[in-house]
Amino acid sequence: MRDFADRLKRLLVGRPVPSQALGQTLLPKRIALPVFASDALSSAGYAPDEVLITLAIAGLAATAVSPWIALAVLAVLALVVASYRQTVHAYPSGGGDYEVVSTNLGPRAGLAVASALLCDYVLTVAVSVSSGTGYLAAALPALAPYKVQIAVGVVSLLALLNLRGSRESGGAFAIPTYLYMAAIGAMAVAGFIQELTGTLGRAPSADLEIVAHAGWDQGLAGLAGAFLILRAFSSGCAALTGVEAISNGVPSFQRPKSKNAATTLLLLGAIAAAMLMSIIHLAGATGVRVVEDPSTQLLHQGAPVGPDYHQDPVIGQIAATVFAGFAPMFYLVTIVTGLILVLAANTAFNGFPVLASVLGRDELLPRQLSQRGDRLAYSNGILVLWLGAVAFIIGFQASTNRLIQLYIVGVFISFTLSQIGMVRHWNRSLATATDPAARRRMRRSRAINTLGVAGTGLVLIIVLATKLTHGAWITLLIMGLLYLVMNRIRRHYRRVSRELAIADLRDARLLPARVHAIVLASRLHQPTLRALTYAQSTHPTSIEAVTVDVGDGAAERLLGDWEDADLPVPLTILDSPFRDLIRPVVSYVRSVRRESPRDLVVVFLPEYIVRHWWEQILHNQTALRLKAALLFTPGVVVASVPWLLGSPGQTHIHHGVRGSVPEGIADADVAARRAEDRRLSPTPAHQPPSPQERA
C-alpha cells in the first residue's frame, strides 16, 4: 500500500528535491510578476462589473460617475503600492503584514491581521476560480449546470501544480498571464484609436434601458445616492486585492530580494491601474449595460428582456465591440480573461503557504505548516488552502456576486493595521538614527505610510458601512473564529513547553523506576518469538506475554504450545466474553500502569510487513486498532516489531542469529515449530494439558 501511494505521489508531484536546491526554486522578476501579480491584474475582469452593477441600482445616469470612482480607486492603489514598497524593504523575511503588525503593534493585533490574511487568501481562490468558471459557462452554456464541479476541479488542479513547486507553477502560469496583459492592452489601444477616429461601435447591450430599483427614481440624489457611490467605490477597491501578496512572498524572489520585490510591486501597480482605467473608460464609451438581474432590470423597446437574455461580462462586451470585424481577437480576449481569473488563485497558493509557515513557526498554527514538502513547497499549507477554497465554492455554489461581498473587508483590515505598524516602525527607527540621509529617507517613508493609513482606513470604514449587511459579517465571523483558534493553539504549545521543560538539569538523568514489557501474542510462531527476543534485548525490569481468550479455543492452544516450548516468559490470558480483542488489552495495560505510576509500560506488537499494497487489507488490522487505542494512554509506549512476509532471507531464528537471541527463546524455537507442525497436521487437534499434567 505504501509503495502504491508513493508511486502515485511521485507521478502527481514529481521526484523529491534536496534541500540544497532551495536556491534554484527562487523566482526572477519575469516569473515573480505572473506568480504574485495575477490576482491584482485579474481584478480588471470583475471589478469594473461590480462598480457598474452597483451604480445601475440608481439607473443609467448613475453609471456616468464610474470613471471618477475608478480614479478614486487608482489613488488608493497608488498609496497602497507606495506603502508596501516600504514594507518589503523594512521586513524582507516574508511575514508581510503579520510581521509588521506583530512587531510594532503587539501579538493581539498580529493575530487579527493573520486571521484577515488567511481568510482573504482562501476567498481569493474561491472568487477568482468562480469568476473564471463564470466566463467558461458564458462561452459554453452547456457547462453552466456543472459550474461548481468545474470550479472544484480547477482548484484541485492548481493545488497539484503548486505541490510540484513554485518555480514550476510560476513557469506554467507566466505565458497565460503575459498573454492576458497583451490581449487587454491590444483591446485598449484599438479601442482608443477607434474612439479618436470616430469608428468605435456600440456595445451589444447599448440599446437596452436600465430600470432603477424601487426608491431610486431620483438617481444619486441625497444621502442615499452618496451611500451608493461609496458602495460602488468599495466594490471597485476589489482591484487592490493581491497587492499584499508580494510582501508575504519576498523570500521567494531571487537576490537582491527586497529590490526585486519592490520593482515587481511597482510594475503590478502600473499595469493594474492602466487596465482598470482603460476598461472603465471603454465601457462608458461603448455604452455597456450590466445589472444585477438582467431579466427584469434591462428593457428592450420598453419590455423586459426576460430570463433567456444572457449578460456578458464587461470585458466580453468591449471585446465584441472593438473587434467586431475580427472574431479571433474577441475569442482570445474572452478566453485569456477567463483563464487569468482562474490563474489569479495562484497568487494565494504562493502567499498563503508562506504566511502559514510563519504562523506555524510562531506556534499560532500547527507546526507541520512550517515544514517544506518533497518539492520544497509548503505542501501542508497548500492542502489547507485547497480545502478552505473548496468549502467556500461548494457553500456559495461558485457564485461570484455572493462571494465578492465577503472578499474585501479582510484585505483592508490588514492594509490599515499594516500601515499603522509601519508608521510606528519609522518612529522607532528615527529615535535612534543619526545619519541625516537615513533620517530623510525614514521621514519620507513615514509620510508615505501615514497617507496609506488615511487612505486604507477610509476605505475600511466605507467597506464596513456598505458591505456589512451584504455578507461581510460572515468574513468578520470567520476571522473571529480563526483568531480564537490560533490563540488557543498558541496557549496549547506554551502549556506543553512548560510541562515538558526540565526545571533542573539533574532531572535529565532520571529514568522510570522500572520498565514493564508486554508482548502481545495470538499464536506461537516466528513473529511472536522475534517480538519476545526484541523485548528481552531491551533488558526490561519485567516481561510477560499477553493473549486474549475470545472463546474459540485459540488461547488454550497457545497455552499448550507455550508450555511445550518451555518459554522463559510467563503468558497471561485475558478473558473476553464479548469477543473483543482491543478493550481487554487496553484495560490490562492501563491497570499495570495504575499499579505502578512511575513505571514505563512498553507494549511489543508483532506486525507483518507485506510485499504488495493490496495485502495490507489482509493483515495488521488488529494491530492498527490497538496502536490507536493505546496512543493516548500516558506512560505507555507501543513498539512495532516487523516481520517481512515472503522474504527468503527470513529463516528460523536458530538457523543464523542464535548468538544474538536470549538462550531460552532460541532453544524454544524448535519446540514452537513442532507445536505449529502438530497443529497443522491431519491428526486430531492438540488439546491443552490438564491441570494435573501441567503440575
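Residue positions are given per chain, counted from 1 along the sequence in the order it is written. Totals for whole chains, interfaces and linings use every residue, but because this is a predicted model, local features are given only for residues with pLDDT of at least 70 and side-chain atom pairs only at 80 or more, for both listing and counting. Only hydrogens and water are set aside; all other atoms, that is, all heavy atoms of the structure, feed into the side-chain values.

Caption draft 1: Quick look at the overall build of the protein. Here a helix means four or more residues in a row that DSSP labels H or I, a strand means two or more in a row labelled E, and each is numbered from the N terminus. A tally of regular secondary structure across the protein gives 26 helices and 8 strands. Relative to all contacts within the protein whose residues are 6 or more apart in sequence, the contacts with residues 24 or more apart total 81%. Throughout, the Shrake-Rupley method with a 1.4 Å probe supplies accessible areas, and for residues the shown protein chains are the sole cover considered. By element, 61% of the accessible surface of the protein is carried by carbon and sulfur atoms, the whole surface being about 32,200 Å². Pairs of residues are marked as contacts when any of their non-hydrogen atoms sit within 4.5 Å.

Caption draft 2: Broad picture of the sheet that holds strand E2 (residues 298–300). Two strands qualify as a pair provided DSSP detects at least 2 bridges between them. Strand order in the open sheet formed by 3 strands is E1-E2-E3, and the pairing between neighbours is antiparallel. Each edge of the open sheet is held by one strand with a lone partner, namely strand E1 (209–210) and strand E3 (303–304). The sheet contact formed by E1 and E2 spans 2 bridges and is antiparallel. By the bridge assignment for E2, Ile210 is matched with Leu298.

Caption draft 3: Representation of a positive patch on the surface. Distance thresholds for patches are 9 Å for like charges and 5 Å for nonpolar side chains (Val, Leu, Ile, Met, Phe, Trp, Tyr), applied to residues having over 30% relative accessible area and no salt bridge. Salt bridge, as applied in this entry: a Lys or Arg side-chain nitrogen positioned within 4 Å of an Asp or Glu carboxyl oxygen. In this tally, Lys and Arg are treated as positive and Asp and Glu as negative; His is ignored, and so are the chain termini. Working definition for charges: the position is that of NZ of Lys, CZ of Arg, CG of Asp or CD of Glu. A cluster of basic residues, Arg440, Arg441, Arg443 and Arg444, forms a positive patch on the protein surface. With respect to the element layout, Arg441 can be found in helix H18 (residues 436–467). Partly exposed describes any residue whose relative accessible area lies between the buried limit of under 20% and the exposed limit of over 50%, with all areas from a 1.4 Å probe on protein chains only and scaled to the type maximum. Overall, the relative accessible area of 45% leaves Arg441 in the partly exposed class.

Caption draft 4: The arrangement of the packing of helix H7 (residues 147–163) against helix H16 (residues 379–395) in detail. An axis is simply a line fitted to the C-alpha atoms; with a helix, the fit covers only the stretch in contact. Between two such axes, the angle follows the N-to-C directions and lies from 0 to 180 degrees. Following both chains from N to C, one finds H7 and H16 inclined at 170°, their axes separated by 10 Å at the closest point. Judged by the angle between their axes, H7 and H16 are roughly antiparallel. Of the residues in H16, those touching H7 at Val148, Ala151, Val152, Val155, Ser156, Ala159, Asn162 and Leu163 are Ser379, Ile382, Leu383, Trp386, Ala389, Val390, Ile393 and Ile394. Considering only residue class, the contact of H7 with H16 consists of 13 nonpolar, 3 polar and no charged. For this classification, under 35 degrees means roughly parallel, over 145 means roughly antiparallel, 65 to 115 means roughly perpendicular, and everything else is oblique. Following the grouping adopted for this structure description, the nonpolar residues are Ala, Val, Leu, Ile, Met, Phe, Trp, Tyr, Cys and Pro, the charged ones are Asp, Glu, Lys and Arg, and the polar ones are all others, Gly among them.

Caption draft 5: Focus on the nonpolar core. Of all hydrophobic cores here, the largest spans 142 residues; its most connected members are Met187 and Phe412. By residue number, the principal contributor to this core is helix H6 (residues 107–139), which donates 15 residues. Discounting residues that sit within four places of it in the chain, Met187 has contacts with Ile279, Leu282, Ile315, Ile318, Ala319, Val322, Phe323 and Val333. In this description, a nonpolar core means a group of buried Ala, Val, Leu, Ile, Met, Phe, Trp, Tyr and Cys residues linked to one another through side-chain atoms lying within 4.5 Å.

Caption draft 6: Broad picture of the pattern of salt bridges. What the rule picks out here adds up to 4 salt bridges. As a salt-bridge pair, Arg361 and Asp362 come within 3.3 Å of each other at their nearest N and O atoms. Residues Asp599 and Arg514 are paired through a salt bridge, measuring 3.0 Å at the closest nitrogen-oxygen approach. With Asp599 in the loop between helix H22 (582–595) and strand E7 (600–609) and Arg514 in the loop between helix H19 (472–500) and strand E4 (515–520), this pair connects stretches of sequence that are 85 residues apart.

Caption draft 7: Molecular detail of the packing of aromatic side chains. Centre distance within 6.5 Å is the pairing criterion for rings of Phe, Tyr and Trp, where only the six-membered ring of Trp is used; planes under 30 degrees apart are then read as stacked, over 60 as edge-to-face, and the remainder as tilted. Taken as a whole and assessed by the stated rule, the structure comprises 6 aromatic pairs. Ring plane angle 25° and centroid distance 6.1 Å describe the contact between Phe392 and Phe396, whose orientation is recorded as stacked. In this pair, the class of Phe392 matches that of Phe396, namely buried. Their ring planes at 80° and their centres at 5.6 Å tell us that Tyr534 and Phe604 sit as a pair that is edge-to-face. Taken together, the positions of Tyr534 in helix H20 (residues 526–537) and Phe604 in strand E7 put the pair 70 residues apart, joining distant regions of the chain.

Caption draft 8: Seen up close, the sheet that holds strand E6 (residues 571–575). Spatially, E6-E5-E4-E7-E8 is the arrangement adopted by the 5 strands of the open sheet, whose pairing is parallel. For this open sheet the edge positions go to E6 and strand E8 (636–644), each flanked by a neighbour on one side alone. Sheet twist, expressed as the mean angle between neighbouring strand axes with direction ignored, is 30°. Bridge analysis of E7 against E8 gives 9 bridges, and the strand direction is parallel. Across the sheet, the residue bridging to Ile609 is Leu644, located in E8. The sheet strands contacting H22 are E4, strand E5 (542–549), E6, E7 and E8, and the helix crosses E6 at an angle near 120°.

Caption draft 9: Quick peek at unusual backbone geometry. Following Arg255, the chain continues to Pro256 via a peptide bond in cis, the omega torsion being -5°. With respect to the element layout, Pro256 can be found in the loop between helix H10 (245–248) and helix H11 (257–286). Within the chain, Glu363 stands out as a residue other than glycine whose phi angle is a positive 65°. Relative to the helices and strands, Glu363 is located in the loop between helix H15 (345–361) and H16. Notably, Asp566 is not glycine yet its phi reads approximately 55°, a positive angle. The topology assignment puts Asp566 in the loop between helix H21 (554–565) and E6.

Caption draft 10: Seen up close, the packing of helix H2 (residues 29–42) against H15. Where H2 meets H15, the axes come as close as 7 Å, and the angle between the chain directions of the two elements is 120°. Looking at the two axes, H2 sits oblique to H15. The crossing of H2 and H15 is left-handed. Seen from H2, the contacting residues are Val35, Phe36, Ala37, Ser38 and Asp39; seen from H15, they are Asn346, Thr347 and Asn350. Tallied by class, the residues present in the contact of H2 with H15 amount to 3 nonpolar, 4 polar and 1 charged. Helix crossings are classified by the rotation of the near helix relative to the far one: an anticlockwise turn of less than a right angle makes the crossing left-handed, while a clockwise turn makes it right-handed.

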